[in-house]
Amino acid sequence: LSGFPYFNHDAGGFFSPGPTDGMFRQWSMAMGSFSPIWRPHGPGSSRWPTDRTTVVQETSHVYGDLRYELIPYIYTYAYRAHETGEPMARPMLLDYQDNPVAWTKDQQYMFGEEFLVSPVCSDGDAYAETWFPPYDGAWYDFWTDTKYASGQRSRSLYYDCGVLPLFVKEGA
(Lines give C-alpha, C1' and ligand atoms only; values in the text may rest on other atoms or scores of the structure.)
Protein backbone atom coordinates (compact mmCIF):
# COMPACT_ATOMS: atom_id res chain seq x y z
CA LEU A 1 0.00 0.00 0.00
CA SER A 2 3.02 2.26 0.35
CA GLY A 3 4.06 1.91 -3.28
CA PHE A 4 6.71 -0.73 -2.56
CA PRO A 5 5.57 -3.98 -4.22
CA TYR A 6 8.37 -6.18 -2.86
CA PHE A 7 7.49 -6.15 0.84
CA ASN A 8 9.85 -7.93 3.15
CA HIS A 9 10.55 -7.99 6.83
CA ASP A 10 13.57 -8.73 8.98
CA ALA A 11 12.71 -12.39 9.25
CA GLY A 12 15.65 -13.01 11.57
CA GLY A 13 14.24 -10.66 14.17
CA PHE A 14 16.13 -7.40 14.22
CA PHE A 15 17.14 -7.47 17.85
CA SER A 16 19.85 -9.09 19.89
CA PRO A 17 20.29 -11.87 20.88
CA GLY A 18 17.68 -12.88 18.32
CA PRO A 19 14.51 -14.97 18.31
CA THR A 20 13.92 -18.09 20.35
CA ASP A 21 13.82 -21.35 18.43
CA GLY A 22 10.00 -21.25 18.39
CA MET A 23 9.87 -17.72 16.99
CA PHE A 24 12.63 -18.55 14.52
CA ARG A 25 10.51 -21.42 13.20
CA GLN A 26 7.29 -19.38 13.07
CA TRP A 27 8.57 -15.97 11.94
CA SER A 28 11.99 -16.39 10.35
CA MET A 29 11.34 -19.60 8.43
CA ALA A 30 7.56 -20.08 7.98
CA MET A 31 6.30 -16.53 7.46
CA GLY A 32 9.62 -15.35 6.05
CA SER A 33 9.47 -17.88 3.23
CA PHE A 34 6.17 -16.31 2.12
CA SER A 35 7.61 -12.84 1.76
CA PRO A 36 8.68 -11.54 -1.64
CA ILE A 37 12.24 -11.14 -0.34
CA TRP A 38 13.27 -13.69 2.29
CA ARG A 39 16.10 -12.46 4.46
CA PRO A 40 16.43 -13.95 7.94
CA HIS A 41 19.17 -11.66 9.19
CA GLY A 42 19.77 -9.41 12.19
CA PRO A 43 22.43 -8.20 14.63
CA GLY A 44 24.01 -10.20 17.38
CA SER A 45 24.03 -13.97 17.35
CA SER A 46 23.85 -15.95 14.14
CA ARG A 47 20.55 -16.30 12.30
CA TRP A 48 21.69 -19.39 10.40
CA PRO A 49 19.45 -22.46 10.89
CA THR A 50 22.57 -24.63 11.16
CA ASP A 51 23.45 -22.84 14.40
CA ARG A 52 20.18 -24.02 15.96
CA THR A 53 18.52 -27.25 17.09
CA THR A 54 17.69 -30.21 14.86
CA VAL A 55 13.97 -29.30 15.03
CA VAL A 56 14.72 -25.79 13.75
CA GLN A 57 16.88 -27.21 10.99
CA GLU A 58 14.08 -29.56 9.93
CA THR A 59 11.59 -26.65 9.80
CA SER A 60 14.11 -24.59 7.83
CA HIS A 61 14.54 -27.42 5.35
CA VAL A 62 10.77 -27.67 4.78
CA TYR A 63 10.41 -23.96 4.00
CA GLY A 64 13.65 -23.74 2.04
CA ASP A 65 12.52 -26.60 -0.22
CA LEU A 66 9.04 -25.12 -0.58
CA ARG A 67 10.44 -21.70 -1.45
CA TYR A 68 12.56 -23.19 -4.22
CA GLU A 69 9.61 -25.18 -5.56
CA LEU A 70 7.65 -21.92 -5.74
CA ILE A 71 10.33 -19.96 -7.63
CA PRO A 72 8.34 -19.95 -10.93
CA TYR A 73 5.28 -18.71 -9.01
CA ILE A 74 7.32 -16.06 -7.17
CA TYR A 75 9.00 -14.90 -10.38
CA THR A 76 5.62 -14.62 -12.09
CA TYR A 77 4.30 -12.33 -9.36
CA ALA A 78 7.59 -10.41 -9.16
CA TYR A 79 7.27 -9.64 -12.87
CA ARG A 80 3.65 -8.64 -12.38
CA ALA A 81 4.70 -6.36 -9.51
CA HIS A 82 7.33 -4.82 -11.76
CA GLU A 83 4.80 -4.21 -14.53
CA THR A 84 1.86 -3.01 -12.42
CA GLY A 85 3.20 -1.95 -9.02
CA GLU A 86 0.81 -4.42 -7.39
CA PRO A 87 2.45 -5.93 -4.31
CA MET A 88 3.25 -9.64 -4.22
CA ALA A 89 2.18 -9.95 -0.56
CA ARG A 90 -1.11 -8.10 -0.29
CA PRO A 91 -3.35 -7.18 2.60
CA MET A 92 -6.81 -8.70 2.42
CA LEU A 93 -8.41 -5.31 1.85
CA LEU A 94 -6.56 -4.91 -1.44
CA ASP A 95 -8.18 -7.92 -3.11
CA TYR A 96 -11.50 -7.70 -1.28
CA GLN A 97 -12.07 -3.95 -0.97
CA ASP A 98 -15.86 -4.19 -1.00
CA ASN A 99 -15.98 -6.71 1.83
CA PRO A 100 -15.96 -5.07 5.29
CA VAL A 101 -14.43 -8.18 6.88
CA ALA A 102 -11.30 -7.75 4.74
CA TRP A 103 -10.65 -4.40 6.40
CA THR A 104 -10.41 -6.11 9.81
CA LYS A 105 -8.02 -8.91 8.80
CA ASP A 106 -4.65 -7.27 9.24
CA GLN A 107 -2.87 -10.45 10.37
CA GLN A 108 -3.39 -12.48 7.20
CA TYR A 109 -2.51 -11.70 3.61
CA MET A 110 -2.55 -12.98 0.05
CA PHE A 111 0.71 -14.17 -1.49
CA GLY A 112 -0.04 -13.80 -5.16
CA GLU A 113 -3.63 -14.63 -6.03
CA GLU A 114 -3.62 -18.30 -5.06
CA PHE A 115 -2.12 -18.43 -1.55
CA LEU A 116 -3.74 -17.21 1.65
CA VAL A 117 -1.26 -16.83 4.52
CA SER A 118 -2.52 -16.58 8.10
CA PRO A 119 0.71 -16.47 10.11
CA VAL A 120 1.10 -17.45 13.73
CA CYS A 121 3.52 -15.09 15.43
CA SER A 122 3.80 -16.81 18.79
CA ASP A 123 6.60 -18.79 20.33
CA GLY A 124 4.88 -22.17 20.06
CA ASP A 125 1.73 -24.04 19.10
CA ALA A 126 -1.17 -21.66 18.60
CA TYR A 127 -4.52 -20.91 17.03
CA ALA A 128 -4.79 -18.85 13.86
CA GLU A 129 -7.92 -16.81 13.24
CA THR A 130 -8.41 -17.28 9.52
CA TRP A 131 -11.00 -15.74 7.25
CA PHE A 132 -11.66 -17.49 3.95
CA PRO A 133 -12.68 -14.74 1.54
CA PRO A 134 -15.45 -15.38 -0.96
CA TYR A 135 -14.78 -16.48 -4.50
CA ASP A 136 -16.15 -19.20 -6.81
CA GLY A 137 -14.46 -22.15 -5.11
CA ALA A 138 -13.11 -23.47 -1.83
CA TRP A 139 -9.88 -23.02 0.07
CA TYR A 140 -7.60 -25.97 0.87
CA ASP A 141 -5.17 -26.26 3.74
CA PHE A 142 -1.82 -26.63 2.00
CA TRP A 143 -0.54 -29.21 4.49
CA THR A 144 -3.62 -31.39 5.11
CA ASP A 145 -5.88 -30.84 2.06
CA THR A 146 -8.72 -29.97 4.45
CA LYS A 147 -11.35 -28.09 2.46
CA TYR A 148 -12.88 -24.83 3.74
CA ALA A 149 -15.81 -23.07 2.11
CA SER A 150 -15.10 -19.57 0.88
CA GLY A 151 -17.00 -16.61 2.25
CA GLN A 152 -17.48 -18.05 5.72
CA ARG A 153 -16.77 -16.35 9.03
CA SER A 154 -13.31 -16.58 10.54
CA ARG A 155 -12.29 -19.97 11.85
CA SER A 156 -9.96 -20.56 14.75
CA LEU A 157 -7.60 -23.30 13.58
CA TYR A 158 -4.89 -24.95 15.66
CA TYR A 159 -1.34 -25.25 14.31
CA ASP A 160 1.79 -26.83 15.72
CA CYS A 161 4.85 -24.65 16.06
CA GLY A 162 6.61 -24.31 12.72
CA VAL A 163 3.54 -25.05 10.61
CA LEU A 164 2.42 -21.97 8.71
CA PRO A 165 -1.36 -21.66 8.31
CA LEU A 166 -1.33 -21.70 4.51
CA PHE A 167 -4.28 -22.12 2.18
CA VAL A 168 -4.63 -22.48 -1.57
CA LYS A 169 -7.54 -21.64 -3.83
CA GLU A 170 -9.32 -24.61 -5.32
CA GLY A 171 -7.95 -25.41 -8.76
CA ALA A 172 -4.71 -23.47 -8.28
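The structure contained in this document is the topic of the report that follows.

Calculation notes
- Residues numbered from 1 in each chain as written.
- Predicted model: local features only at pLDDT ≥ 70, side-chain atom pairs only at ≥ 80, totals over all residues.
- Heavy atoms only, no water.
- Helix = DSSP H or I, 4+ residues; strand = E, 2+ residues; numbered from the N terminus.
- Buried < 20%, exposed > 50% of the residue type's maximum accessible area, 1.4 Å probe, protein only.
- 1 Å grid on protein atoms, 1.4 Å probe; cavity = no way out; pocket = protein on both sides within 12 Å on 5 of 7 lines; lining within 4 Å.
- Points joined across faces, edges and corners; volume = space filled by probe spheres on them.
- Pairing = 2+ DSSP bridges.
- Axes fitted to C-alpha atoms, helices over the stretch in contact; angles between N-to-C directions.
- Lys, Arg positive; Asp, Glu negative; His and termini not counted.
- Salt bridge = Lys/Arg side-chain N within 4 Å of Asp/Glu carboxyl O.
- Contact = heavy atoms within 4.5 Å.
- Patch = residues over 30% accessible without salt bridge, like charges linked within 9 Å, V, L, I, M, F, W, Y side chains within 5 Å.
- Areas by Shrake-Rupley, 256 points an atom, 1.4 Å probe, with all protein chains shown as cover.

1. A short note on unusual backbone geometry
At step 1: Phi is positive for Asp-145, close to 65 degrees, though the residue is something other than glycine.
At step 2: As for its position among the elements, Asp-145 is in the loop between strand E5 (138–141) and strand E6 (147–149).
At step 3: Assessed through its relative accessible area of 58%, Asp-145 is described here as exposed.

2. Remarks on the layout of surface pockets
At step 1: By volume, the largest pocket is sized at about 390 Å³.
At step 2: Together, 21 residues line the largest pocket, and Arg-90, Pro-91, Asp-106, Gln-108 and Tyr-109 are the ones closest to its centre.
At step 3: For the lining of the largest pocket, the secondary structure elements donating two or more residues are helix H1 (21–31), strand E1 (89–91) and helix H4 (92–95).
At step 4: In terms of residue count, the dominant contributor to the lining of the largest pocket is E1 (3 residues).
At step 5: Quantified by volume, the second largest pocket comes out at close to 180 Å³.
At step 6: Lining the second largest pocket we find Met-29, Trp-38, Pro-40, Arg-47, Trp-48, Pro-49 and Ser-60.

3. Thoughts on the sheet that holds E5
At step 1: The sheet built from 6 strands is open, its strands ordered E1-E2-E3-E8-E5-E6 with antiparallel pairing. Because the sheet does not close on itself, it has two edges, and the strands there are E1 and E6. Neighbouring strand axes in the sheet, compared pairwise and without regard to direction, differ in orientation by 30 degrees on average.
At step 2: With 3 bridges joining them, strand E2 (residues 109–111) and strand E3 (residues 115–117) adopt antiparallel strand pairing. Within E3, the residue paired with Tyr-109 across the bridge is Val-117.

4. Topic: the side chain of Asp-141
At step 1: Considering the arrangement of structural elements, one finds Asp-141 in strand E5.
At step 2: Nearest to the buried, unbridged Asp-141 among oppositely charged side chains is Arg-155, at 9.9 Å.
At step 3: With residues near it in sequence (within four places) discarded, Asp-141 still touches Thr-146, Tyr-148, Tyr-159, Leu-166 and Phe-167.

5. A look at the environment of Val-101
At step 1: Looking at the secondary structure, you find Val-101 in the loop between H4 and E2.
At step 2: The exposure class assigned to Val-101 is partly exposed, which follows from its relative accessible area of 31%.
At step 3: Remark: the alpha-carbon pair of Val-101 and Pro-133, spanning 32 residues in sequence, is separated by 8.6 Å.

6. Regarding a nonpolar patch on the surface
At step 1: Taken together, the side chains of Val-62, Phe-142 and Trp-143 present a nonpolar region at the surface, about 230 Å² in accessible area.
At step 2: Inspection of the secondary structure puts Trp-143 in the loop between E5 and E6.
At step 3: Owing to a relative accessible area of 32%, Trp-143 belongs among the partly exposed residues under this scheme.

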